[in-house]
Amino acid sequence: MSTPKKTKSEEEAVSNFREYLRCKTVHPDPDYEPAIKFLIRQAEEIGLEFKRFDLVERNPIAILTWPGKDPSLPSILLNSHMDVVPVFEEYWTHPPFDAHKTEDGKIYARGSQDMKCVGIQYLEAIRHLKSNGHHCLRTIHMSFTPDEEVGSDKGMLALINSGELKQFNIGFVLDEGLASPTDTFILFNAERAPWRLRVSCKGNTGHGSLLIENTAGEKLSKIMGKAFEFRRAQEEKLKSNPQLHIGEIATVNLTIVEGGVLANVVPAELTAVFDIRVPPTIPQKEFEQTISDWVAAGGEGCSYEFTEKHSDQTITSIDDTSPWWRAFKGACDKAKIHVEPRIFPAGTDSRFLRAAGYQAYGFSPMNNTPILLHEHDEYLSEDVFLRGIDIYSEILPAMANVASH
Ligand code: ZN
């Protein structure tokens, strides 16, 4: 059992976290203004520069800056998104925007793991460092972006595509990772590329009582057979090798099937959509050939298109030749935490940043925590949250004091 809690007033960092969690930046209609107001207040309190970008209406981006001793050196960007995914309130034990804290210190709220915790941990670590007289060599910027959960077109992508990000002269990026159910912390230095595949099968039509040849259904079933055969092989690969994680294999999931007009009419066309995630370990050209072969197996009248196809496969270095890695790893050693590198299984803004040429690590300092992002009853323990601030208090100066190289 855990030790009994002393009665003490809540740490300011926790109160700030809970206040930020109460901002309803929730899709499909997020209101970012209360969050922006909150961030302006934090910037004033801590003594940080504040910049606001309104590249897309109702989707503000905030950038808070702690200038370094040598602002001419490439800076560190700490990225976090302000938006959160929708909730099904009836399944929550505590209302998802109350930031209720239980007796044992669990803070329940949408965004408590993904990823308002990280945004506040950046701020609180900098508040702590500044008040202890630290001044880093390099400038640290913190970006608070909208729209990440729905594709980032109005958020990070707008910032990159507008050219506005360039003015910050970024040398390295830290962005979100995932909670870890064990004592080990996870660091993500690459992501799988999301592909959305739309397959169309056209065939002979007619009365549902006959045995018509070359129907759309037969063709689609052949393609699905190939896709699921591949899926089974990947599943087998993952299950048979405990060293392997889901980020290192390809996943294929059938997500939408459409077509048909009546139960007794053989349809002229059927379409199927697949969500495919391609790890950087699989050459994309080769994999596209595989997909083309699946569709060819359907025969005449079958075609495909990608409605989304992320092509970047950049892996950010985690070997000792990288001064960023040495700084990050050294800080983790100093904080006495064990970090394991992996490939992020889903998507974050890091993939756009890496594609734009920036090096990025995905890291959310939450260990001994079940992965609850996008789930009902998302929560984070106060102790884990506070420990994360200590961890960033090691990592941030280590990275921002990397000498020019
Ligand atoms: Zn996230």
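Rules and cut-offs
Residues numbered from 1 in each chain as written. Predicted model: local features only at pLDDT ≥ 70, side-chain atom pairs only at ≥ 80, totals over all residues. Heavy atoms only, no water. Helix = DSSP H or I, 4+ residues; strand = E, 2+ residues; numbered from the N terminus. Rg over C-alpha atoms; globule rule 2.2 N^0.38 Å. Buried < 20%, exposed > 50% of the residue type's maximum accessible area, 1.4 Å probe, protein only. Contact = heavy atoms within 4.5 Å. Lys, Arg positive; Asp, Glu negative; His and termini not counted. Charge placed at Lys NZ, Arg CZ, Asp CG, Glu CD. Domains from an automatic or database assignment. Donors = N, O, S within 2.8 Å, 3.2 Å for Na, K, Ca; no water. Tetrahedral: all angles 85-135°; square planar, octahedral: opposite > 155°, others 65-115°. Axes fitted to C-alpha atoms, helices over the stretch in contact; angles between N-to-C directions. Parallel < 35°, antiparallel > 145°, perpendicular 65-115°, else oblique. Left-handed = near helix turned anticlockwise from the far one by under 90°. Nonpolar A, V, L, I, M, F, W, Y, C, P; charged D, E, K, R; others polar. Pairing = 2+ DSSP bridges. Core = buried A, V, L, I, M, F, W, Y, C linked by side-chain atoms within 4.5 Å. Phe/Tyr/Trp six-rings, centres within 6.5 Å; stacked < 30°, edge-to-face > 60°. Lys NZ or Arg CZ within 6 Å of the ring centre and 35° of its normal.

1. Thoughts on the overall build of the chain
Right, on to step 1. Per the secondary structure count, the chain includes 9 helices and 17 strands.
Right, on to step 2. Since a compact globule built from 405 residues should have a radius of gyration of about 22 Å, the 24 Å found for the chain is in line with a globular shape.
Right, on to step 3. Counting all 405 residues of the chain, 53% fall into the buried class.
Right, on to step 4. Contacts in the chain between residues far apart in sequence, at least 24 positions, make up 80% of those at least 6 positions apart.
Right, on to step 5. Positive and negative side-chain charges in the chain, numbering 43 and 58 respectively, have mean positions lying 3 Å apart.

2. Here we look at the domain arrangement of the chain
Right, on to step 1. Assigned domains within the chain: domain 1 (12-176 + 364-400) and domain 2 (193-309).
Right, on to step 2. Computed from C-alpha coordinates alone, the two centres of domain 1 and domain 2 are separated by 38 Å.

3. Some words on the coordination of the zinc ion
Right, on to step 1. Coordination of the zinc ion by the protein involves H81 (NE2), D114 (OD), E176 (OE) and E176 (OE), with metal-donor separations of 1.8 to 2.6 Å.
Right, on to step 2. Each of the 4 donor atoms around the zinc ion contributes to a set of angles spanning 54 to 149°, which defines the coordination as irregular.
Right, on to step 3. Linear spacing of the donor residues for the zinc ion on their chain is H-x32-D-x61-E. On the criterion of sequence distance, the pair formed by H81 in strand 3 (residues 75-81) and D114 in the loop between strand 5 (106-108) and helix 3 (116-131) is long-range, its members being 33 residues apart.
Right, on to step 4. D114 gets classed as buried once you look at its relative accessible area, which sits at 5%.

4. Things to note about the packing of helix 7 (residues 323-334) against helix 9 (residues 382-400)
Right, on to step 1. Interaxial distance between helix 7 and helix 9 falls to 8 Å at its minimum, and their mutual angle equals 150°. Considering their axes alone, helix 7 and helix 9 lie roughly antiparallel with respect to each other. Along this stretch, helix 7 crosses helix 9, giving a crossing that reads as right-handed. Contacts between helix 7 and helix 9 involve W324, A327, F328, A331, C332 and K334 from the first element and E394, I395, A398 and M399 from the second.

5. Concerning the packing of helix 1 (residues 12-21) against helix 3
Right, on to step 1. At their nearest, the axes of helix 1 and helix 3 sit 10 Å apart, and the two run at 145° to each other. Seen from above, helix 1 lies across helix 3 with right-handed handedness. Packed against helix 1, whose contacting residues are E12, A13, N16, F17, Y20 and L21, the element helix 3 presents K116, C117, I120, E124 and R127 at the interface.
Right, on to step 2. Split into classes, the residues belonging to the contact of helix 1 with helix 3 amount to 6 nonpolar, 1 polar and 4 charged.

6. Digging into the sheet that holds strand 11 (residues 251-259)
Right, on to step 1. Judged by pairing direction, the sheet is antiparallel, and its 4 strands sit side by side in the order 11-13-9-14 without closing on themselves. Pairing within the sheet leaves two strands with one partner each, and these edge strands are strand 11 and strand 14 (302-309). Strand after strand, the sheet turns through a mean of 20° between neighbouring axes, direction not considered.
Right, on to step 2. When strand 11 meets strand 13 (residues 269-278), the two strands line up antiparallel, connected through 8 bridges. Within strand 13, the position partnered with I256 by the bridge is V273.

7. As for the nonpolar core
Right, on to step 1. Counting residues in each nonpolar core, the largest one holds 65 residues, and the members touching the most others are L174, F328 and F385.
Right, on to step 2. Take this core: its biggest share by element is 10 residues, from helix 9.
Right, on to step 3. Ignoring anything within four residues of it in the chain, the contact list for F328 reads L174, L187, V339, Y361, F363, I395 and M399.
Right, on to step 4. The next biggest cluster of nonpolar side chains, apart from the first, holds 25 residues, and it includes C201, I223, A227 and I276.

8. Some thoughts on the sheet that holds strand 5
Right, on to step 1. Read from one edge of the open sheet, 3 strands run 4-5-17, paired in antiparallel fashion. In this open sheet, the two strands that pair with only one neighbour each are strand 4 (100-101) and strand 17 (379-381).
Right, on to step 2. Its contacts with the sheet place helix 1 against strand 4, strand 5 and strand 17, and it is angled at close to 20° to strand 5.

9. Concerning the packing of aromatic side chains
Both the distance between ring centres and the angle between the ring planes are used here to describe each pair of aromatic rings.
Right, on to step 1. Inspection of every chain in the model, using the stated rule, returns 21 aromatic pairs.
Right, on to step 2. With a centroid separation of 6.4 Å and 85° between ring planes, the pair formed by Y20 and F144 is classed as edge-to-face. Here Y20, found in helix 1, pairs with F144, found in strand 6 (residues 140-145); they are 124 residues apart in sequence, far enough to count as distant.
Right, on to step 3. A relative accessible area of 0% means that Y20 is categorised as buried.
Right, on to step 4. Ring centres of Y304 and F306 lie 5.8 Å apart, and the angle between their planes is 80°; on these two criteria the pair is classed as edge-to-face.
Right, on to step 5. Overall, the relative accessible area of 28% leaves Y304 in the partly exposed class.
Right, on to step 6. Here a set of aromatic residues connected by ring pairs shows up, and it is made of Y122, F172, F185, W324, W325, F328, Y361, F363 and Y392.
Right, on to step 7. Note that K106 overlies the ring of Y379, its terminal NZ or CZ placed 5.5 Å from the centroid.

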